[in-house]
Amino acid sequence: MRREWTAEELIECWTLLEDDRRLLRNKSGASRLAFALLLKFFELDARFPRYVGEVPRAAVTYVAQQVAVEVATLAGYDWSSRQTKRHRMEIREELGFRECTVADEDKLAAWMAAEVCPVELTDDRQRQALLARCRKERIEPPGPSRIERVLGAARAGCEQRFTVQVADRLSPGAIARLEELVAVAGDDDASAGGGSAFLAELKADPGKLSLETLLKEISKLEGVRAMGLPKDLFDGWSDKFVGGWRAPGGRSCTRRTFGTARPRSASRCWPRCAGPGPRSWSTAWWIC
């Protein structure tokens, strides 16, 4: 929650209404002030503050004036006590929310994997989407560690779906040619010589634009086309998501991730780009 609030914003968002005061009827002292802060904070953020420091100082002062309780009384208030838990339960019931269960977390992770992770790649945006979904479903968000678990499961599920779907679009012939690309001396199933030299050539920077480099890039394009990768290899996935796999330091596909997608032969090669496109200067990106 933001820290700075104008007087007008405090009046609009932190003023206790008649229904709010009804909930305060049997409370006094620090308990009365803390409950009021929990209530107004939850109305704004759809979650509870973990400690008083999360509540804007101006809001604490403003609410304290309304309930006629000194701010200093909060110093001895335990924000994780049984009393606070009862307060939270009372507020959830009043506002029509419920606690997040393990089943809810699994459902949220599945929704994130299908709807959010393919288009939003940053942690902050994914977290914001998760919190917004919780609010829409009238669920109190899980704690920070559980949120990270949901986000981690969502990312893993999205990447698993991506690898399975793309792997299923590769023909046996394309897989064999990709195997040749990544075969290196010492692999128990590597072909003699392999195709590592061509792979290195594909990954190399084209250098300064000239007729020579242009012809070399055309040769690369022809080599990529010869792989026989389908044109619809990444259909259904955003350019942003695919770009995240192509970027240096981006995602990497491991054999464990790929395990359910294809036999071992396919798990050793992973296409980063289905071939040349109108905006591509480098012809293909690969990881293994």
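Here's what I pulled together on the structure shown here. (Residues numbered from 1 in each chain as written. Predicted model: local features only at pLDDT ≥ 70, side-chain atom pairs only at ≥ 80, totals over all residues. Heavy atoms only, no water.)

Below, the discussion takes up the side chain of Asp20. Here Asp20 shows up in helix α2 (residues 18-23). Classification of Asp20 as buried rests on a relative accessible area of 5%. Reaching out from Asp20, the side chain makes a polar contact with the backbone nitrogen of Leu17 at a distance of 2.9 Å. Leave out the neighbours within four places in its chain, and Asp20 touches Thr15, Leu39, Lys40 and Glu43. (Helix = DSSP H or I, 4+ residues; strand = E, 2+ residues; numbered from the N terminus. Buried < 20%, exposed > 50% of the residue type's maximum accessible area, 1.4 Å probe, protein only. Polar contact = N/O pair within 3.5 Å; in protein donor to acceptor, adjacent residues only side chain to side chain. Contact = heavy atoms within 4.5 Å.)

Another aspect to go through is the packing of aromatic side chains. Aromatic ring pairs are reported here in terms of the distance separating the ring centres and the angle at which the planes meet. Throughout the structure, instances matching the rule amount to eight aromatic pairs. Arranged with centres 5.9 Å apart and planes meeting at 85°, the rings of Trp5 and Trp14 form a pair that is edge-to-face. Assessed through its relative accessible area of 13%, Trp5 is described here as buried. Ring geometry for Phe42 versus Phe97: centroids 5.0 Å apart, planes at 90°, classification edge-to-face. On the criterion of sequence distance, the pair formed by Phe42 in helix α3 (residues 29-45) and Phe97 in the loop between α5 (82-95) and β1 (98-99) is long-range, its members being 55 residues apart. Each member of the pair, Phe42 together with Phe97, is buried. Over the ring of Phe35 we find Lys27, and its NZ or CZ is 4.3 Å from the ring centre. (Phe/Tyr/Trp six-rings, centres within 6.5 Å; stacked < 30°, edge-to-face > 60°. Lys NZ or Arg CZ within 6 Å of the ring centre and 35° of its normal.)

With that settled, consider unusual backbone geometry. One non-glycine residue, Ala46, adopts positive backbone phi at about 60°. In this fold, Ala46 is placed in the loop between α3 and α4 (57-67). For Arg138, which is not glycine, the phi torsion reads 60° and is therefore positive. Mapped onto the elements, Arg138 comes out in the loop between α7 (123-136) and β2 (139-140).

Once that is clear, we can look at helix α9 (residues 172-182). Regarding α9, the residues found buried are Ala174, Ile175, Leu178, Glu179, Leu181 and Val182. The buried residues of α9 occupy an angular sector of 155° when projected down its axis, which confines them to one face. (Arc of directions from axis to C-beta.)

What follows deals with the environment of Cys13. By the element assignment, Cys13 lies in helix α1 (residues 7-14). As a C-alpha pair, Cys13 and Glu43 span 30 residues in sequence and 8.8 Å in three-dimensional space. If we skip the residues at most four places from it in the chain, Cys13 touches Trp5, Lys40 and Leu44.

Turning to the pattern of salt bridges, a few remarks are in order. Two side chains carrying opposite charge are able to pair once their charged atoms lie near each other. Applying the stated criterion across every chain yields a total of 20 salt bridges. For the salt bridge of Lys220 with Glu217, the shortest nitrogen-to-oxygen distance reads 3.0 Å. Remark: Glu217 and Lys220 occur in helix α11 (residues 211-225); sequence separation between them is three residues, near one turn of the helix. Beyond isolated ion pairs, a larger network of salt bridges with shared partners links Asp45, Arg47, Arg50 and Glu54. (Salt bridge = Lys/Arg side-chain N within 4 Å of Asp/Glu carboxyl O.)

All right, on to the packing of α3 against α5 then. The interhelical angle for the contact between α3 and α5, taken along N-to-C directions, is 40°, at an axis separation of 10 Å. Regarding the angle of α3 to α5, the classification is oblique. Like other packed secondary-structure pairs, α3 and α5 cross with a definite hand, here right-handed. For the pair formed by α3 and α5, the contact residues are Ser31, Phe35, Leu38, Leu39, Phe42 and Glu43 on the first element and Gln83, Thr84, His87, Glu90, Ile91 and Leu95 on the second. For the contact of α3 with α5, the residue count by class is six nonpolar, four polar and two charged. (Axes fitted to C-alpha atoms, helices over the stretch in contact; angles between N-to-C directions. Parallel < 35°, antiparallel > 145°, perpendicular 65-115°, else oblique. Left-handed = near helix turned anticlockwise from the far one by under 90°. Nonpolar A, V, L, I, M, F, W, Y, C, P; charged D, E, K, R; others polar.)

With respect to the element layout, Glu140 can be found in strand β2. Judged by relative accessible area, Glu140 falls into the buried class, the value being 12%. There is a polar contact of 2.6 Å between the side chain of Glu140 and the side chain of Arg92. Apart from residues lying up to four places away in sequence, Glu140 is in contact with Phe42, Ala46, Phe48, Arg92, Phe97, Arg98, Glu99 and Cys100.

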